[in-house]
Structure formats: structure tokens, C-alpha cells
Amino acid sequence: MTSISRLCLFSISVLILVLKCQASQSSGMYTFDLYSVPHMLNNNMGQWGYGLEYRFYLPIGTPAQYIPVAVDSGSPGLVVYSDICKDPECKGKVLFNQQESSSWVDLHKPVFYSYGAGKISGELGTEELSFSSSEKMTMLFSLIEKVDWTEPGFGAFNFSGICGLSLSQGMNNISVLQNAYDNGLIKYNMFGFGVSSDLSTPGELVLGGYDESYFTGDLQWHDVMQDQSYGILYMLNGTGVKVNGQFLKLPCAEFRNCSFLVDTGGGLFDIAAPGFPSLAVESDCSNVDQLPTFSIFIDNNEYEFTPADYILKIPNPNGSGTICVSTALGGDATDGYVDIAGWFFHKYYAVFDRQNQVVGFAPRN
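Note that the coordinates shown come from a computational prediction; the quantities given were computed from them, not determined experimentally.

A few words now on the packing of aromatic side chains. In the structure shown here, the tally under the stated rule is 30 aromatic pairs. Judged by centre distance (4.5 Å) and plane angle (5 degrees), the rings of F191 and F352 are stacked. Here F191, found in strand β10 (residues 190-194), pairs with F352, found in strand β23 (residues 348-353); they are 161 residues apart in sequence, far enough to count as distant. Looking at F191, the relative accessible area reads 0%, which means it is buried. Considering the side-chain rings of F269 and F344, the 5.5 Å spacing of their centres and the 70 degrees angle between planes classify their relative orientation as edge-to-face.

Note that I232 resides in the loop between β12 (220-223) and β13 (235-243). Given the relative accessible area of 36%, I232 is considered partly exposed. Distance from I232 to G74, taken between C-alpha atoms, is 9.1 Å for residues 158 residues apart in sequence. Not counting the four nearest positions on each side in its chain, I232 is found in contact with L167, S168 and Q357.

The buried fraction of strand β24 (residues 358-363) amounts to 5 of the 6 residues, a majority that puts the element mostly inside the structure. Judged from the 4 bridges that link them, β12 and β24 form a sheet pairing that is antiparallel. Within β24, the position partnered with D223 by the bridge is V358. When β23 meets β24, the two strands line up antiparallel, connected through 6 bridges. Looking across to β24, one finds that F352 is bridged to V359. Remark: 4 residues form the turn of the hairpin made by β23 and β24, two consecutive strands paired antiparallel; Q357 in that turn has positive phi of roughly 50 degrees.

As a further point, take the side chain of T327. You can see T327 is positioned in the loop between β20 (322-326) and β21 (328-331). Overall, T327 belongs to the buried group, its relative accessible area being 2%.

Looking now at the nonpolar core. One finds F131, F193, F294, I296 and F344 to be the most contacted residues of the largest nonpolar core, which totals 76 residues. When residues of this core are assigned to their parent elements, the largest contribution, 6 residues, is made by strand β3 (residues 48-60). When near neighbours in sequence (up to four residues on either side) are disregarded, F294 contacts K242, V243, F269, I271, F276, L279, Y303, E304, F305, Y310 and A328. Counting residues in each nonpolar core, the second largest holds 16 residues, with I120, L124, L140 and F157 among its members.

Calculation notes
Residues numbered from 1 in each chain as written. Predicted model: local features only at pLDDT ≥ 70, side-chain atom pairs only at ≥ 80, totals over all residues. Heavy atoms only, no water. Phe/Tyr/Trp six-rings, centres within 6.5 Å; stacked < 30°, edge-to-face > 60°. Helix = DSSP H or I, 4+ residues; strand = E, 2+ residues; numbered from the N terminus. Buried < 20%, exposed > 50% of the residue type's maximum accessible area, 1.4 Å probe, protein only. Contact = heavy atoms within 4.5 Å. Pairing = 2+ DSSP bridges. Core = buried A, V, L, I, M, F, W, Y, C linked by side-chain atoms within 4.5 Å.

Here it is as C-alpha cells:
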């Protein structure tokens with residue numbers, strides 16, 4: 001996972017009613033309910049914002065155990081917490097019990113993963129994933145038995161695993177999407193990512209296609225950048241950042257293309273560039289009128305955000321009434337970066353086409 005591992009902090013509890021049902025099928029596509037859970041998070045510059053964790057329930061094992069996993073376009077493979085895990089980060093979560101599954105196969109191969117917040121380890125194995133009562137596939141994945149975070153990271157989130165859907169893959173890291181495509185369960189090697197306008201209502205994760213009812217107009221397609229030195233991620237060609245109608249000078253544009261990362265697991269929509277202002281809002285909403293309108297440009301296509309787009313009023317977790325929170329973070333940085341994550345998807349529907357290595361955006365309904 002590219003960004004969630006460096007996010008710290010406390011979560012604001014949200015009551016979600018989960019219907020643990022199998023995915024719905026339609027013409028070579030499978031649709032899962034997509035749950036959006038808000039958290040207060042911080043970025044590399046120590047700024048706080050109102051981020052989003054996106055997860056769905058993946059039916060694993062025989063009989064199926066419904067495990068809440070994060071949707072992460074920034075990492076490969078499937079990682080699931082085991083009930084063997086006794087670390088604090090595993091307490092109170094829905095954990096996979098391999099002893100209760102007749103289809104679990106332990107390959108007796110240890111696995112280790114390092115993230116910005118620490119390390120996790122476990123065993124590699126195979127298990128059955130059930131997309132419907134008749135459509136199943138065998139999946140290679142990592143069953144995590146030990147979580148060792150040096151700072152709060154995954155422990156602040158409520159998922160019990162990570163469903164990596166990035167373009168990269170290796171011997172031990174094959175994505176659920178790619179595996180479903182290779183097994184003929186889905187028609188297209190792509191997924192659609194649709195967030196509900198009301199967080200109490202599930203959105204949709206579509207494997208094998210996308211749902212046109214979630215957006216207006218046409219999808220604007222962007223090629224994934226190929227000259228990546230850190231694995232093949234959903235990096236897009238960033239061509240500009242604008243604040244209150246004025247373009248900022250991006251240092252990366254002087255000697256190479258600017259890389260804007262699209263990361264469903266990132267949690268925070270985060271923009272940093274020389275001269276980019278803070279997007280912090282006072283809790284009493286007193287400075288909302290002074291906050292800027294900003295845009296990011298991908299292949300010279302503009303994606304605009306006004307204060308009305310990125311400032312929310314939420315119930316005060318420490319008292320009565322409401323407070324204002326920012327769902328986007330910004331700051332003045334020498335090098336500059338853009339993480340397209342979190343609440344960006346609350347305004348724009350996204351399609352990740354693995355086969356053609358493109359990403360499409362369109363305004364969400």
C-alpha cells in the first residue's frame with residue numbers, strides 16, 4: 001500500500017449496516033457493496049484532514065467467511081489478517097480462521113512485507129474465493145499472523161486485509177482482478193470505483209467493468225506513465241496545478257513529466273507544490289470564505305475543487321453541534337506531489353483499466 005501505511009491517527013466511529021451477501025453478477029462483471037469510512041488522518045507534513053477508507057467484504061474459504069478488505073490500487077496481491085494474530089492491531093476485527101475452511105492450503109512459505117508504518121508477516125497459502133454460488137476461483141494470498149507497527153497505521157483502520165489491485169504483480173502477489181480475468185470470471189480486466197454521495201449508503205466496486213449510472217458525461221481516459229522506477233503504479237501525467245485561477249510552477253515539469261498517483265488506498269487527497277496554500281479550515285468554519293479554489297491537471301484536463309467540494313460539516317466528536325473539516329490537504333513544498341485519493345473519488349467516478357493501462361474519470365452523479 002502506497003499511502004495508508006504512513007497515515008496516522010484516530011478514527012471517528014461510524015455505524016455501518018453490512019449485508020454479508022455474495023457479489024451480484026451481470027454480463028461478466030461482479031459488483032460488491034463499497035463502504036466509505038471517514039477517519040481523521042495526517043500527511044507527511046503533519047497536517048490533519050478528513051480522509052476516507054474504502055473497503056468491501058470478500059467471501060473467502062469454504063464455507064465462505066466475509067472479510068472486510070481495503071481496496072488499494074497502490075499495492076499488489078491479497079493480504080488477510082489471520083485469527084492467529086494476537087497483536088493489538090488485530091483485536092476487535094473480523095479475522096480469517098483457516099481451521100474452519102476446508103479449502104485452505106498452507107504452502108509453508110513465510111512472507112514479510114515492509115511499509116512506512118512498520119512490518120507484517122505470515123504464511124503464503126491458497127484459498128477459494130466465492131463470487132457466486134457457482135463461480136469460484138483459487139487465490140494465492142498472504143495470511144498475516146504478526147503485525148509490528150512502529151507508529152499507528154493500519155491499526156487505526158477497520159479493515160482486516162488489503163485487496164491490492166495495482167498493475168504490479170509478482171510470484172507471491174497476484175491481484176484478485178487479474179486472477180478473476182485469467183480464470184474467465186470477468187470479461188474485461190478492469191474495475192469501476194463508485195462512491196455513494198451519502199456515506200451511510202454503500203457505493204459500488206465493479207470487477208470486470210464499470211457502472212455508467214454512477215457518473216455523467218463521458219469518461220476522460222489517461223494513460224499510465226511507463227517510465228516508473230518504483231514498480232508499475234497508477235501514475236498519471238500531471239500537467240499543472242492551479243490555485244484561484246493562477247498556475248503554480250511545478251519543479252518536476254522542468255526536467256520530466258510530473259507523476260500524479262491515483263491511490264484508492266491512500267486515504268487523503270493530498271496536494272503539495274511550491275506556493276500551494278494550506279487548505280486547513282477552522283473548526284468553527286470561520287475561514288471557509290478565505291479558502292481557495294484549486295485544480296489539478298492531468299494530460300491538460302482540469303479537475304476542479306471549490307471549498308464547497310472539500311469542506312464538510314460533521315457532528316462534533318467532542319461535544320454538541322457541528323464542526324468544519326477539510327477533506328483535502330495542501331501545502332508549500334519544494335518538490336511537489338499529488339496523491340489522488342480519499343475524497344477525490346467522492347466527486348469523480350474512476351475506472352482502472354489494467355489491460356490497456358489507462359484510468360478514466362468522470363463527474364459522479
